[in-house]
Amino acid sequence: MTKTIFEKIIDRELPSNIVYEDDKCIAIEDIAPKAPIHILIIPKKSIPKLSEAKKADEVLLGHLMMVVKKVAEQLGVQDAFNIVINNGEKAGQTVFHLHIHLLAGKNFTDLFPG
Ligand code: AMP
């Protein structure tokens, strides 16, 4: 199986700016940021997309959310950030290894006008 970009980053075969790492996931700066702060939280386990996650992944998915919180605090943006998960090519997913985008420093409220 060919490794995805994120597997290569996790295995240190490709460089990246790592802002957080533990035994279950890694958080890196996005190479093409869409906001002043744009971090990707990536599980070390390769789940191609959220819709392919299994019941057994439930604890891992919860862990990723807690890492979002931790990284947001670490970067001082805990009061205002957005998270995005693109699921599937038509939804804009380009890397088929589940990841959460953490975006901050830009107002995305227009996306969901009240
Ligand atoms: P998605 O389109 O949701 O699959 O998100 C993939 C993200 O990975 C995009 O925002 C890309 O800019 C980002 N990306 C691609 N290659 C790299 C890389 N080598 N290092 C960091 N981020 C990357």
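The structure under discussion appears in the preceding block.
Below you will find a few notes about this structure. Here the structure is a predicted model, which means the values were calculated and not measured.

## Looking at unusual backbone geometry
Step number 1: Phi at Arg12 is positive, roughly 65 degrees, even though this residue is not glycine.
Step number 2: Along the chain, the position of Arg12 falls in the loop between α1 (5-10) and β1 (18-21).

## Describing the environment of Phe108
Step number 1: Along the chain, Phe108 falls in the segment after β5 (100-104).
Step number 2: Of the residues examined, Phe108 reaches a relative accessible area of 17% and is grouped as buried.
Step number 3: Spatially, the C-alpha atom of Phe108 lies 26 Å from that of Pro48, the residues being 60 residues apart in sequence.
Step number 4: Other than its neighbours up to four places away in sequence, Phe108 contacts Lys34, Ala35, Asn82 and Leu103.

## Some details on the nonpolar core
Step number 1: Counting 18 residues, the largest nonpolar core has Ala27, Ile39, Ile41, Leu64, Val71 and Leu102 as its most contacted members.
Step number 2: Contributions of two or more residues to this core are made by β1, β2 (25-29), β3 (37-43), α2 (58-74) and β5.
Step number 3: The element contributing the most residues to this core is α2, with six residues.
Step number 4: Beyond its immediate sequence surroundings of up to four residues, Ala27 is in contact with Asn17, Ile18, Val19, Tyr20, Ile39, Leu40, Ile41 and Val71.
Step number 5: Counting residues in each nonpolar core, the second largest holds eight residues, with Phe6, Ile10, Ile28 and Leu40 among its members.

## Considering the pattern of salt bridges
Step number 1: Under the counting rule described, the total for this entry stands at eight salt bridges.
Step number 2: In this structure, the salt-bridge partner of Arg12 is Glu21, at a minimum N-O distance of 2.6 Å.
Step number 3: Judged by its relative accessible area of 33%, Glu21 is partly exposed.
Step number 4: One network of salt bridges, in which partners are shared, links Lys3, Asp11 and Glu13.

Rules and cut-offs
- Residues numbered from 1 in each chain as written.
- Predicted model: local features only at pLDDT ≥ 70, side-chain atom pairs only at ≥ 80, totals over all residues.
- Heavy atoms only, no water.
- Helix = DSSP H or I, 4+ residues; strand = E, 2+ residues; numbered from the N terminus.
- Buried < 20%, exposed > 50% of the residue type's maximum accessible area, 1.4 Å probe, protein only.
- Contact = heavy atoms within 4.5 Å.
- Core = buried A, V, L, I, M, F, W, Y, C linked by side-chain atoms within 4.5 Å.
- Salt bridge = Lys/Arg side-chain N within 4 Å of Asp/Glu carboxyl O.

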